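# Tertiary structure, described
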Amino acid sequence: MSKVVNAIFENGVLKKILSHDDWQKRFDSVLRKIHARSSQYSSDEIESDIAHAVQEVREEKRGY
């Protein structure tokens, strides 16, 4: 079975271009997985963890 897809060949790499529907399906799937795994935590806990992670990245970039 063959399928025609839109793609770009760039720097020796073939890159598939997703249709809006394919992209939306993948995005929705990722969101469902995130919600399933994060539903046990409060929004305050999640925001605190994100803020902590951002701070760690900033410190690493500064060389601390």
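Refer to the structure above for everything that follows.
The structure reproduced in this document is the subject of the present report. (Residues numbered from 1 in each chain as written. Predicted model: local features only at pLDDT ≥ 70, side-chain atom pairs only at ≥ 80, totals over all residues. Heavy atoms only, no water.)

Moving on: the overall build of the protein. Scanning the protein from terminus to terminus reveals 2 helices and 2 strands. Ordering the α and β elements of the protein from the N terminus gives β-β-α-α. The globule rule puts the C-alpha radius of gyration for 64 residues at 11 Å, and the 19 Å found for the protein is more than 25% above it. Taken over 64 residues, the protein has a buried fraction of 0%. Put simply, the protein has 11 plus and 11 minus side-chain charges, and the middle of one group is 11 Å from the middle of the other. (Helix = DSSP H or I, 4+ residues; strand = E, 2+ residues; numbered from the N terminus. Rg over C-alpha atoms; globule rule 2.2 N^0.38 Å. Buried < 20%, exposed > 50% of the residue type's maximum accessible area, 1.4 Å probe, protein only. Lys, Arg positive; Asp, Glu negative; His and termini not counted. Charge placed at Lys NZ, Arg CZ, Asp CG, Glu CD.)

Across 4 bridges, the pairing between strand β1 (residues 7–10) and strand β2 (residues 13–16) is antiparallel. The residue bridging Glu 10 from the neighbouring strand is Val 13, located in β2. Linking β1 to β2, which pair antiparallel, is a turn of 2 residues; within it Asn 11 sits at a positive phi near 50 degrees. (Pairing = 2+ DSSP bridges.)

Our next topic: unusual backbone geometry. With phi around 50 degrees, Asn 11 is a residue other than glycine that occupies positive phi space. Relative to the helices and strands, Asn 11 is located in the loop between β1 and β2. Residue class for Asn 11 comes out exposed when judged on its relative accessible area of 75%.

Moving on: a negative patch on the surface. There is a patch of like negative charges on the surface, built from Asp 44, Glu 45, Glu 47 and Asp 49. Within the element layout of this structure, Glu 47 appears in helix α2 (residues 43–62). (Patch = residues over 30% accessible without salt bridge, like charges linked within 9 Å, V, L, I, M, F, W, Y side chains within 5 Å. Areas by Shrake-Rupley, 256 points an atom, 1.4 Å probe, with all protein chains shown as cover. Salt bridge = Lys/Arg side-chain N within 4 Å of Asp/Glu carboxyl O.)

Together, Trp 23, Phe 27, Val 30, Leu 31 and Ile 34 give the surface a local cluster of nonpolar side chains, amounting to about 450 Å² of exposed area. With respect to the helices and strands, the residue Trp 23 is situated in helix α1 (residues 20–38).

Applying the stated criterion across every chain, the model contains 1 aromatic pair. Note on Trp 23 and Phe 27: the rings are 5.0 Å apart at their centroids and 10 degrees apart in plane angle, and the pair reads as stacked. With Trp 23 and Phe 27 both in helix α1 and 4 residues apart, this pair spans about one turn of that helix. (Phe/Tyr/Trp six-rings, centres within 6.5 Å; stacked < 30°, edge-to-face > 60°.)

Together, Lys 3, Lys 16, Lys 25 and Arg 26 make up a positively charged patch on the protein surface. With respect to the helices, strands and loops of the structure, Lys 16 is situated in strand β2. The partly exposed category is assigned to Lys 16, whose relative accessible area is 46%.

This part covers the pattern of salt bridges. In the structure shown here, the tally under the stated rule is 1 salt bridge. Between Glu 10 and Lys 15 there is a salt bridge whose closest N-O contact spans 2.8 Å.

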